[in-house]
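Below, each chain spelled out in residue letters.
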Amino acid sequence: MSLRVLLAVGVAVLYLSPVMLSRAGDRTEGTPGPSYVAAVYEHKVILNPEPHVPLSRSAALEHMMRNLKVYEEQAARAAEQGAQIIVFPEDGIHGFNFSRLSISGYLETIPDPLTEDWNPCTQPDRHNQTEVLQSLSCMARRHQLYLVANMPDLQPCPLTSHPHLDPSQTPCPPDGRWQFNTDVVFRSDGSLAARYHKQNLFFEKEFDTPPRLEVVTFDTPFAGRFGVFTCFDILFHDPTVRLLEKGIRQMIFPTAWMNLLPLLTAVQIQRAVSLGANVTLLAANLRHDSKAMTGSGIFTPSTSIYHHAFHHPGEPEEGELLVLRIPVLDSDWLATQKQAKRQGETGGQGEAKGQIGEEGEAKGQIGEEGEAKGQGETGGEGEGEPLSASLPILSPNPSPSPSHFISSMMCDPFSFVLLHGSEGQLTVCDGPLCCHLQYRRSPQGGNTELYALGAFAGNHTADGHFALQVCALVRCSGSEVSSCGKGVEEAESRLDFRLEGKFGTRYVYPSLLGSGMVVDGPDRIEKTTDGRVTMEHSGMSVGLVTACLYGRVYDQD
């Protein structure tokens, strides 16, 4: 389901133990140790023009097969470039904006791979009305790829295929069936490896919230274990943080994400979660310009490649295939491989079942050995003395700067103070949260761009209630203070800065967005045991749009 209005909330983990993240660029000299080739495809979805009108099964299949034809072409291109796994976006096969009734022709019943071994490509007659599953299975088998796609699932009620659910404790929907927004994973032989039902729906009236939370993983012979979550899930504790707490460091992320400046564009949050949680994120988004949908990437803590489309009048909307060699991050798999190598064994050739834990046309691009080619992170190699050497350490308890004002950002009332002059120090507080900034500014071409430092600590109340603590340095969209917090894509001023806050949560992640939707990795991030988080950056090659420390206080939701 498309995320029509993104909420100003976020998820990532910087644990309470002191940590420091060195600069994460988009290019490396090589990928040390075991690696694999991953692909994501940003799909220009072919939509049903009347999604609220029910279709027959044959008409719905005709529609879905048009999107699956594109998937087939892109899977072939990815395989030609050596990809071992490919991820397609949320809603990419069927589209969005259905009613519960009108999506009926699109539904297939997806068996639980924990209770049934099934290869839809080689065993097509086992289950009726599974043409999409068969198509995806044969696609994976034909191109020898692990393949992840998103589709609607129909399950009987009570949910008989769920091994851990007590039907007596969960009421059935009024129409007597479950309908789920579902990710499916196929092994390279076409067998079904994993099935995940999206937990956090966003006004998706055609789907049900699963009666029990699913924390889903699957194993591969080339990189070990991956976790799966979908779109809006990334902003919540369940299942995203639960996967992190289980030690999963490789994440699959199908999404249908609408970009919302200044804090939650697609590539911005994808990079931030990868960096802040120290994980690989394989993120595939839809391309749909009228709904501001674009932004996909392959992100690891040390390398990335990503795509954000800009629509120009007269130009066609197209998809984008990204392919990149990246390091394996599954420590258990790496240890097993190391031991097998010592023993002279090949190791890691078996294919394991998916696992579930119950917790309450575009040009393809490939980088060899972690070297991203095409659009990636830029900046950070500026000349001159680094900020940390030229500015004094912030005082432990700086006083709030005068003349603060309130302005709305992401539908939340932020407390702001303006930046003045070419350098300085500022503090702004909102309730228990105080945000501190040291900066040195290099305006380009005599511009008079307005910047402000903002703080927000409280409940986000637009389309939900979420507890936040946020420090953000933003470029205002105009020359008036009322424009601070509004979305803007371009900036000319380059700022060296140190942004710091003392948070009442351990769930904080950094984001850094430059002019033209350039995502960058900070020079340094530090976290202390008392909740203080510091992000430092200098030498930007483009103007600064947003720098943010984003805290999520889940236990206050």
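Labelled according to an unreviewed UniProt entry, the protein appears under the name Biotinidase, originating from Oncorhynchus tshawytscha. Taken from UniProt, the Function (unreviewed entry) comment for the protein reads in full: "Catalytic release of biotin from biocytin, the product of biotin-dependent carboxylases degradation." Listed in UniProt under the heading Catalytic activity (unreviewed entry), the comment for the protein reads: "biocytin + H2O = biotin + L-lysine".

Caption draft 1: Up close: the sheet that holds strand β23 (residues 508-514). Reading across from one edge, β16-β17-β20-β21-β27-β23-β24 is the order of the seven strands in this open sheet, with antiparallel pairing throughout. What marks the edges here is a single partner per strand, and that holds for β16 (405-409) and β24 (518-519). Sheet analysis places strand β21 (residues 466-475) next to strand β27 (residues 544-552), joined by seven bridges and oriented antiparallel. Opposite Leu-473, over in β27, you have Ala-547 as the bridge partner. In this fold helix α4 (residues 266-277) packs onto β23, β24 and β27, with an angle of close to 135 degrees to the strand it touches most, β23.

Caption draft 2: Structural detail: the environment of Thr-255. Mapped onto the elements of the fold, Thr-255 is located in the loop between β9 (250-254) and α4. Spatially, the C-alpha atoms of Thr-255 and Leu-286 are 7.0 Å apart, while their sequence positions differ by 31 residues.

Caption draft 3: Up close: the pattern of salt bridges. Tallying each qualifying case throughout the model produces 21 salt bridges. In this structure, Arg-57 and Glu-131 form a salt bridge, with 2.7 Å as the shortest nitrogen-oxygen distance. Taken together, the positions of Arg-57 in helix α1 (residues 57-80) and Glu-131 in helix α2 (residues 131-143) put the pair 74 residues apart, joining distant regions of the chain. Take Arg-57: its relative accessible area is 15%, and that puts it in the buried class. By relative accessible area, Glu-131 is classed as partly exposed at 29%. Look at the salt bridges and you will find they share partners, linking Arg-498, Arg-524, Glu-526 and Glu-536 into a network.

Caption draft 4: Region of interest: α4. For α4, spanning twelve residues, the distance from its first C-alpha to its last is 16 Å, which sits close to the expected 16 Å at 1.5 Å a residue. Most of α4 is tucked away, with twelve of its twelve residues classed as buried. When α4 is considered as a whole, its buried residues turn out to be Ala-266, Val-267, Gln-268, Ile-269, Gln-270, Arg-271, Ala-272, Val-273, Ser-274, Leu-275, Gly-276 and Ala-277. At the exit of α4 stands Asn-278, carrying a positive phi of roughly 60 degrees.

Caption draft 5: Fine view of the packing of aromatic side chains. For the structure on display, the rule yields 21 aromatic pairs. Seen from their ring centres, Phe-202 and Phe-232 are 4.8 Å apart, and the 80 degrees between their planes marks the pair as edge-to-face. One end of the pair, Phe-202, is in the loop between β6 (192-197) and β7 (214-220); the other, Phe-232, is in the loop between β8 (224-228) and α3 (237-245), with 30 residues separating them in the sequence. Neither Phe-202 nor Phe-232 differs from the other in exposure class; each is buried. Among the aromatic residues, those joined into a ring-pair cluster are Tyr-36, Tyr-146, Phe-218, Phe-222 and Phe-226.

Cut-off values and rules
- Residues numbered from 1 in each chain as written.
- Predicted model: local features only at pLDDT ≥ 70, side-chain atom pairs only at ≥ 80, totals over all residues.
- Heavy atoms only, no water.
- UniProt positions renumbered as here; feature names shortened; annotations may be inferred.
- Pairing = 2+ DSSP bridges.
- Helix = DSSP H or I, 4+ residues; strand = E, 2+ residues; numbered from the N terminus.
- Contact = heavy atoms within 4.5 Å.
- Axes fitted to C-alpha atoms, helices over the stretch in contact; angles between N-to-C directions.
- Salt bridge = Lys/Arg side-chain N within 4 Å of Asp/Glu carboxyl O.
- Buried < 20%, exposed > 50% of the residue type's maximum accessible area, 1.4 Å probe, protein only.
- Expected span 1.5 Å × (residues − 1).
- Phe/Tyr/Trp six-rings, centres within 6.5 Å; stacked < 30°, edge-to-face > 60°.

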